[in-house]
Amino acid sequence: MDENWKEVFSTAQTWQAEMAKQVLEENGIAAVVINRKDSSYLFGEVSVYVEKSNEEKANELLKELKGE
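Numbering of residues starts from 1 in each chain and follows the order in which that chain's sequence is written. It should be noted that, the model being predicted, local features are given only for residues of pLDDT at least 70 and side-chain atom pairs only at 80 or more, the latter also being counted only at that level, while totals for whole chains, interfaces and linings use all residues. Each side-chain value is worked out from all heavy atoms of the structure, with water and hydrogens disregarded.

> How should I be thinking about the sheet that holds strand β3 (residues 46-51) in this particular structure?
The pairing of strands in a sheet happens through backbone hydrogen bonds and is either parallel or antiparallel. In short, DSSP must find at least two bridges between two strands for them to pair. For the purposes of this entry, the term helix denotes a DSSP run of H or I that reaches at least four residues, the term strand denotes a run of E that reaches at least two, and both are numbered from the N terminus. With antiparallel pairing, the three strands of this open sheet are ordered in space as β1-β3-β2. The sheet is open, and its two edges are formed by β1 (5-11) and β2 (31-35), each paired on a single side. With strand direction ignored, the average angle separating the axes of adjacent strands in the sheet is 30°. Taken together, the five bridges between β2 and β3 define a ladder with antiparallel strand orientation. Opposite isoleucine 34, over in β3, you have serine 47 as the bridge partner. The contact definition used throughout considers only heavy atoms, calling two residues in contact when any of these lie within 4.5 Å. Helix axes are fitted to C-alpha atoms over the stretch in contact, other axes to C-alpha atoms as well, and angles between N-to-C directions run from 0 to 180 degrees. Its contacts with the sheet put helix α1 (residues 14-26) on β1, β2 and β3, and the angle it makes with β2 is roughly 170°.

Quick look at the structure:
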């Protein structure tokens with residue numbers, strides 16, 4: 001991932017990452033989901049990235065989803 005993008009959410013559950021992406025996009029923030037799960041054993045993380053300039057707003061929007 002480019003240095004202009006920052007990870008704002010990470011989970012083992014693909015659906016949670018997609019939910020985070022939807023929350024961000026509904027609030028005007030472009031988001032990308034990167035799936036790093038192993039396809040054979042299904043372990044690993046799924047991460048959501050936003051542009052660096054949107055990192056603070058994205059973290060605020062995702063507080064509840066992160067359980068903070």
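> Looking at this structure, I do not really get the side chain of serine 47. What am I missing?
With respect to the helices, strands and loops of the structure, serine 47 is situated in strand β3. Polar contacts here mean pairs of N or O atoms no more than 3.5 Å apart (in protein, one a potential hydrogen donor and the other a potential acceptor; neighbouring residues in sequence count only if both atoms are side-chain atoms). Within the structure, the side chain of serine 47 is placed 3.2 Å from the side chain of glutamate 7, a separation counted as a polar contact. Filtering out sequence-adjacent residues up to four positions away, serine 47 remains in contact with Glu7, Phe9, Ser10, Val32, Val33, Ile34 and Arg36.

> Would you mind showing me how to read the nonpolar core here?
Nonpolar side chains in soluble globular proteins tend to end up buried together. If you look at the biggest cluster of nonpolar residues, it comprises twelve residues: Val8, Phe9, Ala17, Ala20, Leu24, Ile29, Ala31, Val46, Val48, Val50, Ala58 and Leu62. Secondary structure elements with two or more residues in this core: β1, α1 and β3. Not counting the four nearest positions on each side in its chain, leucine 24 is found in contact with Val8, Ile29, Ala31, Val48, Val50, Ala58, Leu61 and Leu62. Note on terminology: a nonpolar core comprises buried Ala, Val, Leu, Ile, Met, Phe, Trp, Tyr and Cys residues joined through side-chain atoms within 4.5 Å. Throughout, exposure labels follow a simple rule: accessible area from a 1.4 Å probe, protein chains only, divided by the maximum for the residue type, with under 20% read as buried, over 50% as exposed, and the rest as partly exposed.

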